[in-house]
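Spelled out from the first residue to the last, the chains are:
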Amino acid sequence: MLRVLMILLCVLLGVVVLLGVLLLALLCMRAGVELVGVSGEVTLDAIYGPLRIPLWPRPRHLKRKEKKKPEEAPPKGKFSLAKSGLPFGKIADVALDFLGDLTGSLRISKLRVRLIIATGDAAKTGILFGQTAALCGILVPFLENTFDLRDIHVRADPDFDKEKTEWAAELVCSIRPVTLIKIAFRHRKPLLELYNIFKK
């Protein structure tokens, strides 16, 4: 009986050690995202080691069936930069603080952004372009000096004739999951405030 208990204990201990080693290996692997977007149409993939998981648009088998509405729905997934009252200074402060804590942990393999800013109103377009240029002027040098960025290109131009802003972006970055959770928890309040602002 004692021998059987010893065998069971050894097996249980072996399983615990194996799970611990597996968990340690998973925590050491870098998790990342690859985002590609063009004027509101976005694809987002999660990368974890050799695995690639599509996050957006959601796979067909995960989508909920929606009832068709007779009313004309607005275009899905469209994001307009022409929102009035965006606190660009606060956005830059939160982004710089958050990215500052990611120094040495976040690997950005590719960052490409192209903006053509248009609102249908020349004055608003000029103001929005100035704010965007100021934000880019703060963030881009910070990213270049803080992270190992070998492929970066960010450009914004105004278009006073068009009605809507057009953009294209490509981002590939990776980080260890534990580090990201710790940093996001530390900055939870300002991140939640920004989320609520953009959600409006």
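Since the model is a prediction, treat every value here as computed from it, not as a measurement.

### Things to note about the pattern of salt bridges
And step 1. One pass over the full model with this rule turns up eight salt bridges.
And step 2. Residue Glu166 is joined to Lys162 by a salt bridge in which the shortest nitrogen-to-oxygen separation is 3.4 Å.
And step 3. Look at Lys162 and you get partly exposed, because its relative accessible area is 33%.
And step 4. Where salt bridges share partners, they join Glu34, Asp45 and Arg52 into one cluster.

### A closer look at helix α2 (residues 88-101)
And step 1. Along its 14 residues, α2 runs 20 Å from first to last C-alpha, staying within 8% of the 20 Å computed at 1.5 Å per residue.
And step 2. Within α2, the full set of buried residues consists of Phe88, Ile91, Ala92, Val94, Phe98 and Leu99.
And step 3. Where α2 is buried, its residues contact α3 (122-146), α4 (177-186) and α5 (188-199).

### Looking at the environment of His187
And step 1. Of note, His187 is situated in the loop between α4 and α5.
And step 2. Linking His187 and Asp97, residues 90 residues apart in sequence, is a C-alpha distance of 8.5 Å.
And step 3. Among residues more than four places away in sequence, those in contact with His187 are Asp97, Phe98 and Asp101.
And step 4. At 2.6 Å, the side chain of His187 forms a polar contact with the side chain of Asp101.

### Things to note about the side chain of Thr125
And step 1. Take Thr125: it is sitting in helix α3.
And step 2. For Thr125, a relative accessible area of 1% puts it in the buried group.
And step 3. The contacts of Thr125, once residues within four sequence positions are left out, are Ile117, Ala118, Thr119, Gly120, Pro158, Asp159 and Phe160.

### A few points about the environment of Lys124
And step 1. Examined against the element boundaries, Lys124 turns out to sit in helix α3.
And step 2. A sequence separation of 36 residues divides Lys124 from Phe160, and the C-alpha atoms of the two residues are 9.5 Å apart.

### Considering the sheet that holds strand β3 (residues 51-56)
And step 1. Reading across from one edge, β3-β2-β1-β6-β4-β5 is the order of the six strands in this open sheet, with mixed pairing throughout. Where the open sheet ends on each side, the last strands, each with one partner, are β3 and β5 (152-158). Sheet twist, expressed as the mean angle between neighbouring strand axes with direction ignored, is 15 degrees.
And step 2. As defined by bridge partners, strand β4 (residues 107-117) adjoins strand β6 (residues 166-175) across nine bridges and the pair is classed as antiparallel. Across the sheet, Leu115 pairs through a bridge with Trp167, a residue of β6.
And step 3. Strands β4 and β5 of the sheet are contacted by α3, whose axis makes an angle of about 165 degrees with β5.

What counts, and where the lines are drawn
- Residues numbered from 1 in each chain as written.
- Predicted model: local features only at pLDDT ≥ 70, side-chain atom pairs only at ≥ 80, totals over all residues.
- Heavy atoms only, no water.
- Salt bridge = Lys/Arg side-chain N within 4 Å of Asp/Glu carboxyl O.
- Buried < 20%, exposed > 50% of the residue type's maximum accessible area, 1.4 Å probe, protein only.
- Helix = DSSP H or I, 4+ residues; strand = E, 2+ residues; numbered from the N terminus.
- Expected span 1.5 Å × (residues − 1).
- Contact = heavy atoms within 4.5 Å.
- Polar contact = N/O pair within 3.5 Å; in protein donor to acceptor, adjacent residues only side chain to side chain.
- Pairing = 2+ DSSP bridges.
- Axes fitted to C-alpha atoms, helices over the stretch in contact; angles between N-to-C directions.

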